Every structure is written in C-alpha cells, then in structure tokens.
Amino acid sequence: MTFDTTWNNLIYQLSPELLKFHVNAIHDTASTPSNLKLWNKAVSGNCKLCSKQGTLNHILTFCKVALRQGRFNWRHDQVLREIMKTVSSQIEEFNSDIAKESKRAPSVFHKAGNKREKVTLADPTHHKTKRYFFSDANDWKIIFDEDERQRNFPQHIAATPLRPDVVIYSDKAKKVYLMELTCGNEQNFADQEKRKMKRYQQLTEEIEANGWACKLQTVEVGARGIYNYSLPTFMNHLNVNNKEKKKACMKIAEISLRASYTIYLSRNNTIWTDDWELVKRPVIA
C-alpha cells in the first residue's frame, strides 16, 4: 500500500485539513462517535445514520444507510473518473501510434558491392511495442460504467448482465481488457481482489470461448487515500511512463482521500447530496 509522504506532497499537494484527516484516518484518531465516547466527550458512540458503532471504518466503508444513499458509490465514481483520464489519453495514443506505424515504410538498403540484392530492416520499435496488450490494434474503444450513467457490456463479445467498471476492446484484434475498481477498506484489499476475480471468472471464460483474448485486472484504492500495488500494475499495462504513472497514482489517491473526507464531514447528516463533482466526467471518443 502506497501514499507519497514526501515533504513536497505533504506541504504543496494536500491542504492542512486534508492532511490532518489523512493522518488521523491512518492512526484512527479522527473525531468519530466511537472515539468521542472513548475519550469521554460523548455519551453515545453510535453512528448517527444507522445506530451501529460509529468507527471510522464504519463511516467510510460499512454504514448501510450511507451505502443506500450512494455515498460510497459517489466516491467510487470520482476515483474512476480520475483513472479514466489516464486510460483515455493512453488509448488515444495507442490508436494514433499504431495508425502511424502501419503507414511507416520499412528501411531498405543494398549490400556492399551488390546493387541488386536488397535487405529490409524491421521497425526497431516493433518488438518493444509488441510486449503490450494494446500494441496490435488501432481501433480500441472504451466503455466505463458509473452509478448514474450505467453502460452495458458489449453484447457482441459476450451475453452478460455484468458491467465491469472499464471495458477496452478491439473488434479487429478481438481482444478485451477488463478493469474492476474497488474503493474501500485498505485492510480488505486481498479479499476484495479475490472476490472480484471470482465474480468475473465466468465472464472471462465465456469471452475466450467466443474467440476473444481477454485480460482482467482488479484495482484497489483505499478510502484513506492509500492505493494497492494493483494500481501501478494497471498503469504498466497501459504503458504509462514512470513519471506520469507516479503523478497519476498520487492524484487518484488524493481524489479518494478527498471523497472520503467529504463522507466523513457528512457523518451526522441524514440527507446526502452528490449533485457536485470532484472530477468532471471525461469525454470518451
């Protein structure tokens, strides 16, 4: 699990209140109902929404009332939108680069002393680009699913009611990349990964049975702004360079932290509104 705690990030990237919440959330010293009772500053330690024990984990990830009101889904979609900025940019670059590569003429030269026999050199970048899942097509399409803007899985690939968070596919190459995002309790990252892999196992098998290559990647971003190794792995699959990868991962973690802080500030509010956005929905071509 990772979060950039360098002075540059702490001083210049996070506001004082957001940094304070991040530190308190990690050490479980936030002013939750449960802690206030422990500190003899409140009579009840119960959640104001559902009357269960009001720990920080409960407020950020487990409260059933907050779940029904869409608070956790709102955070999930804000993080997903931030991820989609990188996805859309990289896929656009893949489509453009492959299109250019297909038009690039091969290098031709004559052997010394022999003007008739020609030798063709392969593109020196060919083997490098072939290592990536997206390197052999230029018609990649992207679908991403939000709570308020649900998108069905492409039914010509497989007939299913499941809706992975991100679907990237190429009709020419007959390849599909699925990404499923989880925003929750950092302590449950391993269980969340296993649960999502099991949930989509049958779908991946059906896709492959239909003659398509399929890759599934789960991504876990914690409610406290800490991300799992799966996020950089996902960025590696998209061939994001190290500098941009670190920048993107930290911004995604910050959005998750900021959304959780909003949920935390609303812990005593029985009415929830999500008609404003931390991240604007990216436009996917």
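See above for the structure.
For clarity, every value in this text was computed on a predicted model and none was experimentally measured.

A.B. asks: I keep staring at the layout of surface pockets and nothing clicks. Help me out?
C.D. replies: By rolling a water-sized probe across the atoms, one finds the places where empty space is left. Taken as a whole, the largest pocket encloses approximately 750 Å³ of empty space. Considering the residues around the largest pocket, the lining is formed by 30 residues, among which Asn73, His76, Leu181, Arg195 and Lys196 are closest to the centre. For the lining of the largest pocket, the secondary-structure elements that each account for two or more residues are α4 (56-62), α5 (64-69), α6 (71-103), β5 (175-184) and α8 (189-199). Tallied by class, the residues present in the lining of the largest pocket amount to nine nonpolar, nine polar and 12 charged.

A.B. asks: Help me understand α8, please; the structure alone is not making it clear to me.
C.D. replies: Taken together, the buried positions of α8 are occupied by Phe189, Gln192 and Lys196. Take α8 and look down its axis: the buried residues cluster within an arc of 60°, on one side only. Opposite its buried face, α8 presents the exposed residues Asp191, Lys194 and Lys198, each directed more than 90 degrees away. Buried residues belonging to α8 abut β5 and β6 (213-222).

A.B. asks: Sorry, what's going on with the sheet that holds strand β4 (residues 166-170) here?
C.D. replies: Sheet strands pair via backbone hydrogen bonds, and the direction of the pair is either parallel or antiparallel. Strand order in the open sheet made by the four strands is β3-β4-β5-β6, with mixed pairing throughout. Taken across any chain shown, the strands that pair with only one partner, and hence form the sheet edges, are β3 (141-144) and β6. Strand-to-strand twist across the sheet, computed as the mean angle between neighbouring axes with direction ignored, equals 15°. Pairing geometry for β3 and β4, over four bridges, is antiparallel. Bridging across to β4, isoleucine 142 finds its partner in isoleucine 168.

A.B. asks: Please clarify how empty space enclosed by the protein should be interpreted in this entry.
C.D. replies: For the coordinates displayed, the defined rule picks out one cavity of 30 Å³ or more. Volume-wise, the largest cavity comes out at about 40 Å³. Around the largest cavity, the lining residues are Cys47, Leu49, Ile59, Cys63, Ala66, Arg71, Ile263 and Arg267. In the lining of the largest cavity, the residues fall into six nonpolar, no polar and two charged.

A.B. asks: Even after reading the chapter, I still don't get the packing of helix α10 (residues 230-237) against helix α11 (residues 242-265), so can you show me in this structure?
C.D. replies: When two helices pack together, you describe them by how their axes are tilted relative to each other and by the distance separating the axes. Direction vectors running N to C along α10 and α11 enclose 135°, while the axes themselves pass 10 Å from each other. As far as their axial angle goes, α11 and α10 are oblique. Taken as a pair, α10 and α11 cross one another with a handedness that is right-handed. On α11, the residues that touch Leu231, Pro232, Met235 and Asn236 of α10 are Lys245, Ala248, Cys249 and Ile252. Residues of the contact of α10 with α11, tallied by class, amount to six nonpolar, one polar and one charged.

A.B. asks: Please explain the nonpolar core as it appears in this structure.
C.D. replies: The nonpolar side chains of a soluble globular protein tend to be buried, and buried together. Counting residues in hydrophobic clusters, the biggest one holds 34 residues, and the most contacted among them are Val87, Ile91, Phe134, Ile168, Met179, Leu181 and Val221. Sorting elements by how many residues they give to this core places α6 first, with seven residues. Discounting residues that sit within four places of it in the chain, isoleucine 91 has contacts with Phe134, Trp140, Ile142, Ile168 and Leu238. Core analysis: the next-biggest nonpolar cluster, separate from the first, contains 22 residues, Ala25, Ala66, Ile263 and Tyr264 among them.

A.B. asks: I keep staring at the pattern of salt bridges and nothing clicks. Help me out?
C.D. replies: Oppositely charged side chains may form a pair once their charged atoms are brought near each other. Inspection of every chain in the model, using the stated rule, returns 11 salt bridges. For glutamate 82, the salt bridge is made with lysine 85, and the minimal N-O distance between the two is 3.3 Å. Taken together, the positions of glutamate 82 and lysine 85, both in helix α6 and three residues apart, correspond to about one turn of that helix. Lysine 85 sits in the partly exposed class, given a relative accessible area of 41%. Aspartate 171 is the salt-bridge partner of lysine 141, the closest N and O atoms lying 3.8 Å from each other. Highlighted residues: lysine 141 in strand β3 and aspartate 171 in the loop between β4 and β5, separated in sequence by 30 residues. Under the relative-accessibility criterion, lysine 141 is labelled partly exposed at 36%.

The rules we used
Residues numbered from 1 in each chain as written. Predicted model: local features only at pLDDT ≥ 70, side-chain atom pairs only at ≥ 80, totals over all residues. Heavy atoms only, no water. 1 Å grid on protein atoms, 1.4 Å probe; cavity = no way out; pocket = protein on both sides within 12 Å on 5 of 7 lines; lining within 4 Å. Points joined across faces, edges and corners; volume = space filled by probe spheres on them. Helix = DSSP H or I, 4+ residues; strand = E, 2+ residues; numbered from the N terminus. Nonpolar A, V, L, I, M, F, W, Y, C, P; charged D, E, K, R; others polar. Buried < 20%, exposed > 50% of the residue type's maximum accessible area, 1.4 Å probe, protein only. Arc of directions from axis to C-beta. Contact = heavy atoms within 4.5 Å. Pairing = 2+ DSSP bridges. Axes fitted to C-alpha atoms, helices over the stretch in contact; angles between N-to-C directions. Parallel < 35°, antiparallel > 145°, perpendicular 65-115°, else oblique. Left-handed = near helix turned anticlockwise from the far one by under 90°. Core = buried A, V, L, I, M, F, W, Y, C linked by side-chain atoms within 4.5 Å. Salt bridge = Lys/Arg side-chain N within 4 Å of Asp/Glu carboxyl O.

Read these as spatial facts, not as claims about activity.
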